[in-house]
Amino acid sequence: MRGPARCALLLAALWWGCGLALRGGMLYPRESPSRERKELTGLWSFRADESPCRRRGLEQQWYRAPLRESGPTLDMPVPSSFNDVGQDIRLRGFIGWVWYEREVTLPQRWTQDLGTRVVLRIGSAHYYAIVWVNGVHVAEHEGGHLPFEADISKLVQSGPLSSCRITIAINNTLTPHTLPPGTILFQGDTSKYPKGYFVQKTNFDFFNYAGLHRPVLLYTTPVAYIDDITVTTDVEQDTGLVNYQVFVQGSDQYQLEVLLLDEDGKVVAQGEGGRGQLRVPAAHLWWPYLMHEHPAYLYSLEVRLSAETADGPVSDFYTLPVGIRTVGVTESQFLINRTPFYFHGVNKHEDADVRGKGFDWPLLVKDFNLLRWLGANSFRTSHYPYAEEVLQLCDRYGIVVIDESPGVGIALKESFNNESLQHHLEVMEELVRRDKNHPAVVMWSVANEPASSLPPAGYYFKTLIAHTKALDPSRPVTFVTNTHYGEDLGAPFVDVICVNSYYSWYHDFGHLEVIQLQLATEFENWYKTYQKPIIQSEYGAESIAGLHQDPPLMFSEEYQKSLLEQYHLVLDQKRKDYVIGELIWNFADFMTDQSPMRVLGNKKGIFTRQREPKSAAFLLRERYWKLANETRYRCESQCWGMPR
């Protein structure tokens, strides 16, 4: 095998199948009396492997020596996407292996205290990552968006070194079996394309940003430590129930004390052992913030470990925010704390100018201020899991989340085979393990707009949804469809029907007058067939900020606003029956691949990419606050367990 065919095989292989299986918990690294953390945010050395098969770095083992010795490097901020930081067009669309490196000075107590465990945690590396510390392989991980980590204690405590060199190789190639899927297309006609020319093809409408998108950090625990905590909550009349399970690693001889504190730091319940139930009389329940005027209420679960190890006694301490609430679904309602809840919110993308999908605190706080200004009570993490810090703010602010996996663009038949399914099951395990304790997360979405009419889709989604329910029986599970109601083989297995539609945009261009009839008919067909509540999970139109037309024409702000108004007329009729939510597409404009359909990205945002409002934002604000006031009035007369 020679030339492009061999390169295609090598590029797609990516060393997959050699990854180290993840085990144990994935608690967010919090500082405590027994734990420290060191952020590795800032400039890293960076180099793209531009060799024809993108494997020179692996073959020459660039990880064995400082990266600068392999050739020229760039300064690359972490977290960020590497695509938009520089001025080199080749880097913006680069597909293949890129290399990151950082020299880290460690506190002396980390390297000399053998009772301290040192862990390297990568918040997200898109898409496949291999990690070395001081040239020693420590971890591999397949999939972007979710964290992975490695215990590097032995490496940093094995000698007099007070520093370590962290090297991370990342490959953003997508294949039919990745999430999201993709294909590599090689162009063999040398009269049109250079020798070995290839492009990445995808079936999703956002840019394939890549790199170290989330924070990278080091943290410590004792050698015997709290590895994982699982919390589920319930209510019994006016008593809150907090069920907990604690997992310990590093010792079989230990004691656990569990305390539940209110917002004033007062102990309201306590227990012992690795499993139990805490009862909280007159509990303050976690409510979405627009159902009342108070912030969402969070308790603190303090877990204290005392253990015996070969080197003597060890203690560990971890605090987990807890919101007491219930979630449920009927044939026509979504219930939070047994009270009907109506989703009026947005779809989002982690898309932020030159940072790409890189985590950014100022942007995050700005977006949450805009959500509150808008009167939105919810969003979907379209089309991948967002940073853990995003969900932490949702817990605090009372923003309800539909937490979605990276299963977007599953369109090819081979993307429904056993290899793809196994990977999808593993991704859901990672997602549930990371986000299971967030009260803001009320539903899992396993995919967006898959080709769910294909014959393998029925078994695929039946298995995937059943697996997700087994991982977390406390939350409903869905996926987001744009398949015809009579042909969708996955819909029988979801708890809530989530439907995307773009009437008078992708068809019947410009004919706003057909929206009401078509949308009402679609709702009736879905509900008659499945007798399940429905969310309008996407709808919208593109508008170029500042482009005005009267009468409304496509791409004008007036057309976007008029299209939304037509949807709202039907939504107001059906939300009295079985429609339980509406999520606009999209919160803000976002970047896509270049195409004649897109002018520097997708312009369906009600805010620009710079977060300036379009006319539609004011329309949504008026509507959402009206819906919020209706909800608050109903809740004040029905809801208990709210802060007074």
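Shown above is the structure to which this text applies.
Report on the accompanying structure. (Residues numbered from 1 in each chain as written. Predicted model: local features only at pLDDT ≥ 70, side-chain atom pairs only at ≥ 80, totals over all residues. Heavy atoms only, no water.)

## Here we look at the pairing of strand S4 (residues 97–105)
For step 1, the next point in the chain: Pairing of strand S2 (residues 42–48) with S4, which is carried by 4 bridges, proceeds in the antiparallel orientation. Following the sheet pairing, Ser 45 is matched in S4 by Glu 101. (Pairing = 2+ DSSP bridges. Helix = DSSP H or I, 4+ residues; strand = E, 2+ residues; numbered from the N terminus.)

## Regarding the side chain of Arg 598
For step 1, the next point in the chain: Positionally, Arg 598 belongs in the loop between strand S32 (579–584) and helix H12 (615–638).
For step 2, the next point in the chain: The contacts of Arg 598, once residues within four sequence positions are left out, are Asp 205, Tyr 506, Glu 542, Thr 592, Asp 593 and Lys 604. (Contact = heavy atoms within 4.5 Å.)

## Digging into the pattern of salt bridges
Two side chains carrying opposite charge are able to pair once their charged atoms lie near each other.
For step 1, the next point in the chain: Applying the stated criterion across every chain yields a total of 32 salt bridges.
For step 2, the next point in the chain: Lys 348 is the salt-bridge partner of Asp 367, the closest N and O atoms lying 3.2 Å from each other. Taken together, the positions of Asp 367 in helix H6 (residues 361–374) and Lys 348 in the loop between strand S25 (343–347) and H6 put the pair 19 residues apart, joining distant regions of the chain. Comparing Asp 367 with Lys 348 shows no difference in burial state: the two are buried.
For step 3, the next point in the chain: We note a salt bridge from Asp 572 to Arg 575, for which the minimum N-O separation is 2.9 Å.
For step 4, the next point in the chain: A relative accessible area of 24% places Asp 572 in the partly exposed class.
For step 5, the next point in the chain: Judged by its relative accessible area of 25%, Arg 575 falls in the partly exposed class.
For step 6, the next point in the chain: Each member of the salt-bridge network shares a partner with another, and the members are Asp 572, Arg 575, Glu 582, Arg 623 and Glu 630. (Salt bridge = Lys/Arg side-chain N within 4 Å of Asp/Glu carboxyl O. Buried < 20%, exposed > 50% of the residue type's maximum accessible area, 1.4 Å probe, protein only.)

## Details of the sheet that holds strand S21 (residues 312–322)
For step 1, the next point in the chain: Strand order in the open sheet formed by 4 strands is S18-S17-S20-S21, with antiparallel pairing between adjacent strands. The open sheet terminates on both sides in strands that have one partner only, identified here as strand S18 (267–272) and S21. Taken over all neighbouring pairs, the strand axes of this sheet differ in orientation by 15° on average, direction set aside. (Axes fitted to C-alpha atoms, helices over the stretch in contact; angles between N-to-C directions.)

## Observations concerning the environment of Tyr 578
For step 1, the next point in the chain: Here Tyr 578 shows up in the loop between helix H11 (557–574) and S32.
For step 2, the next point in the chain: Contact partners of Tyr 578, with chain neighbours within four places excluded, come to Ser 332, Phe 523, Glu 524, Tyr 527, Pro 533 and Ile 534.

## Focus: the packing of helix H8 (residues 418–435) against helix H9 (residues 457–471)
For step 1, the next point in the chain: The N-to-C vectors of H8 and H9 enclose an angle of 25°; their axes lie 10 Å apart at closest approach. Relative to H9, H8 is oriented roughly parallel. Here H8 runs over H9; the crossing is right-handed. Each of Ser 420, Leu 421, His 424, Leu 425, Met 428, Glu 429 and Val 432 in H8 lies in contact with H9, whose residues at this interface are Tyr 459, Tyr 460, Thr 463, Leu 464, His 467, Thr 468 and Leu 471.
For step 2, the next point in the chain: Here the residues of the contact of H8 with H9 sort into 8 nonpolar, 5 polar and 1 charged. (Parallel < 35°, antiparallel > 145°, perpendicular 65-115°, else oblique. Left-handed = near helix turned anticlockwise from the far one by under 90°. Nonpolar A, V, L, I, M, F, W, Y, C, P; charged D, E, K, R; others polar.)

## Notes on the nonpolar core
For step 1, the next point in the chain: Ranked by internal contacts, the top residues of the largest apolar core, which has 117 residues, are Trp 99, Phe 334, Phe 343, Phe 379, Val 446, Phe 461 and Ile 535.
For step 2, the next point in the chain: In this structure, Leu 40, Val 98, Ala 150 and Ile 170 belong to the second largest nonpolar core, which totals 35 residues. (Core = buried A, V, L, I, M, F, W, Y, C linked by side-chain atoms within 4.5 Å.)

## Comments concerning unusual backbone geometry
For step 1, the next point in the chain: Of note, the amide linkage connecting Asp 550 to Pro 551 takes the cis form, showing an omega dihedral of 5°.
For step 2, the next point in the chain: Within the fold, Pro 551 resides in the loop between strand S31 (534–538) and H11.
For step 3, the next point in the chain: Between Trp 585 and Asn 586 the backbone carries a cis peptide bond, its omega angle lying at 15°.
For step 4, the next point in the chain: Here Asn 586 is to be found in the loop between S32 and H12.
For step 5, the next point in the chain: Positive phi outside glycine occurs at Arg 338, with the angle close to 60°.
For step 6, the next point in the chain: Take Arg 338: it is sitting in the loop between strand S23 (334–336) and strand S24 (339–340).
For step 7, the next point in the chain: We note that Gln 531 has phi near 50°; this positive angle belongs to a residue other than glycine.
For step 8, the next point in the chain: Within the secondary structure, Gln 531 sits in the loop between helix H10 (515–530) and S31.
For step 9, the next point in the chain: Owing to a relative accessible area of 35%, Gln 531 belongs among the partly exposed residues under this scheme.

## Some points on the packing of aromatic side chains
For step 1, the next point in the chain: This structure, assessed with the given rule, holds 35 aromatic pairs.
For step 2, the next point in the chain: Ring geometry for Phe 379 and Tyr 386: centres 6.1 Å apart, planes at 25°, overall stacked.
For step 3, the next point in the chain: Ring geometry for Trp 585 versus Phe 590: centroids 5.7 Å apart, planes at 90°, classification edge-to-face.
For step 4, the next point in the chain: Cluster of aromatic residues (ring-pair linked, three or more members): Phe 204, Phe 206, Phe 368, Phe 379, Tyr 384, Tyr 386 and Tyr 397.
For step 5, the next point in the chain: Above the ring of Tyr 342, the side-chain terminus of Arg 575 is found at 5.9 Å from the ring centroid.
For step 6, the next point in the chain: Positioned over the ring face of Tyr 502 is Lys 604, at 5.4 Å from the centre of the ring. (Phe/Tyr/Trp six-rings, centres within 6.5 Å; stacked < 30°, edge-to-face > 60°. Lys NZ or Arg CZ within 6 Å of the ring centre and 35° of its normal.)

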